[in-house]
Amino acid sequence: AQTVTQSQPEMSVQEAETVTLSCTYDTSESDYYLFWYKQPPSRQMILVIRQEAYKQQNATENRFSVNFQKAAKSFSLKISDSQLGDAAMYFCAYRRLYNNNDMRFGAGTRLTVKP
Amino acid sequence: GAGVSQSPSNKVTEKGKDVELRCDPISGHTALYWYRQSLGQGLEFLIYFQGNSAPDKSGLPSDRFSAERTGGSVSTLTIQRTQQEDSAVYLCASSLWTSGRGGPPSYEQYFGPGTRLTVT
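Analysis parameters
Residues numbered from 1 in each chain as written. Chains lettered and ligands numbered in written order. Predicted model: local features only at pLDDT ≥ 70, side-chain atom pairs only at ≥ 80, totals over all residues. Heavy atoms only, no water. Salt bridge = Lys/Arg side-chain N within 4 Å of Asp/Glu carboxyl O. Buried < 20%, exposed > 50% of the residue type's maximum accessible area, 1.4 Å probe, protein only. Helix = DSSP H or I, 4+ residues; strand = E, 2+ residues; numbered from the N terminus. Phe/Tyr/Trp six-rings, centres within 6.5 Å; stacked < 30°, edge-to-face > 60°. Core = buried A, V, L, I, M, F, W, Y, C linked by side-chain atoms within 4.5 Å. Contact = heavy atoms within 4.5 Å. Polar contact = N/O pair within 3.5 Å; in protein donor to acceptor, adjacent residues only side chain to side chain. Nonpolar A, V, L, I, M, F, W, Y, C, P; charged D, E, K, R; others polar.

Enquirer: Got a minute to help me understand the pattern of salt bridges in this structure?
Expert: Any two side chains of opposite charge can pair, on the condition that their charged atoms come close. Residues and elements named next belong to chain B. Applying the stated criterion across every chain yields a total of eight salt bridges over all chains. Ionic pairing is found between Arg22 and Asp24, a salt bridge with its closest N-O pair at 2.8 Å. Taking relative accessible area as the criterion, Arg22 reaches 37% and is therefore assigned partly exposed. On the basis of relative accessible area, Asp24 is assigned to the partly exposed category, the value being 22%. Residue Asp86 pairs with Arg64 through a salt bridge whose shortest N-O separation is 2.8 Å. Taken together, the positions of Asp86 in the loop between strand 7 (75-79) and strand 8 (88-95) and Arg64 in the loop between strand 5 (43-50) and strand 6 (65-69) put the pair 22 residues apart, joining distant regions of the chain. As far as the burial class goes, Asp86 and Arg64 line up, both buried.

What follows is the structure, encoded as structure tokens:
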């Protein structure tokens, strides 16, 4: 079974600084997708960034980047130049490559951004 | 274009009553998912619809939960004889179906705003 673990229930960062959210996962598959989703108070889940396990290059989307360590089964999210609008719950998620409905989510990390 | 919509936004019901939650996916999305998010928890998969295939009901927690998808579009999640432990946010998502590597590139799940269910 695939499991996703986020060991940081809460994190805090000063505006304009950098913060890293941790995620580890367990799988016996070699090919899969990894995602980070953001959930603001509106409850709308928004995809922040995705990573294909068969790609060695770390994904980057503007101020968001990941550190994907396949051997360690680690997938951390780095937010640079943090903004007040980044405050939200962040969920790490895993999906098998060939199974569209098997998405596993971590318990989430609540990020607070201090002005 | 319109995103995934869900109704109602909030629902308060008495223990033992039945409730129906509605999801309107993005037009053209053949895959539809229901998740449950309990307070302070991640998302728990409930059920998945893909086109005309039989739904994957492996995540439904009990036989009080059921869902249908009419005409390959709108979906309704029904909870019968609600219990207090059913209180949660119920999220719906839709996506284009993908066969994986070599298939269409879109595999992102687009989420609705959820329905907050409170059972008193």
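Enquirer: What should I look at first to understand the packing of aromatic side chains in this one?
Expert: Pairs of aromatic rings are described using the distance from one ring centre to the other and the angle between the two planes. The tally for this structure, following the rule as stated, stands at 15 aromatic pairs over all chains. Seen in terms of ring centroids, A:Phe68 and A:Phe75 are 6.4 Å apart; in terms of plane orientation they differ by 80°. Their pairing is edge-to-face. With respect to burial, A:Phe68 and A:Phe75 carry one shared label: buried. The rings of A:Tyr33, A:Phe35, A:Tyr37, A:Phe105, B:Tyr33, B:Tyr35, B:Phe45, B:Tyr48 and B:Phe111 are connected pair by pair, giving a single aromatic cluster.

Enquirer: Would you mind showing me how to read the nonpolar core here?
Expert: Ranked by size, the top nonpolar core spans 25 residues in total, and within it A:Tyr25, A:Trp36, A:Phe75, A:Leu77 and A:Tyr90 carry the most contacts. The element that contributes the greatest number of residues to this core is strand 10 (residues 88-96) of chain A, accounting for four residues. In contact with A:Leu77, other than residues within four places in its own chain, are A:Val19, A:Thr20, A:Leu21, A:Trp36, A:Val48, A:Ile49, A:Phe64, A:Ser65, A:Val66 and A:Tyr90. Counting 21 residues, the second largest nonpolar core, distinct from the first, contains A:Tyr33, A:Phe35, A:Ala93 and B:Leu91.

Enquirer: Please explain the environment of A:Met11 as it appears in this structure.
Expert: Residues and elements named next belong to chain A. Relative to the assigned elements, Met11 resides in strand 2 (residues 10-14). By relative accessible area, Met11 is classed as partly exposed at 22%. With residues near it in sequence (within four places) discarded, Met11 still touches Val19, Thr20, Leu21, Thr109, Arg110, Leu111 and Thr112.

Enquirer: I tried to follow the interface of chain A and chain B on my own but got confused; where do I start?
Expert: By a widely used convention, the size of an interface equals the accessible area lost when the partners come together. Listed by partner, the interface residues are 23 residues for chain A and 31 residues for chain B. Counting every contact that joins chain A to chain B gives zero salt bridges. Run the count over chain A and chain B and you get six residue pairs in polar contact (both at pLDDT 80 or more). At the level of secondary structure, the elements contributing two or more residues to the side of chain A that touches chain B comprise strand 5 (32-39), strand 6 (46-52), strand 10 and strand 11 (103-105) of chain A. Sort the elements by how many residues they give to the side of chain A that touches chain B and strand 5 of chain A lands first, with four residues. Residue composition of the side of chain A that touches chain B, by class: twelve nonpolar, six polar and five charged.

Enquirer: Whenever I open this one, the side chain of A:Gln39 confuses me. Can you help?
Expert: Its place among the elements puts A:Gln39 in strand 5. Owing to a relative accessible area of 8%, A:Gln39 belongs among the buried residues under this scheme. In this structure the side chain of A:Gln39 is engaged in a polar contact, spanning 2.9 Å, whose partner is the side chain of B:Gln37. Setting aside its immediate chain neighbours within four residues, A:Gln39 contacts A:Gln44, A:Met45, A:Ala88, A:Met89, A:Phe91, B:Gln37 and B:Leu91.

Enquirer: Please explain the environment of B:Arg116 as it appears in this structure.
Expert: Looking at the secondary structure, you find B:Arg116 in strand 10 (residues 115-119). For the pair B:Arg116 and B:Ser66, spaced 50 residues apart in sequence, the C-alpha to C-alpha distance is 18 Å.

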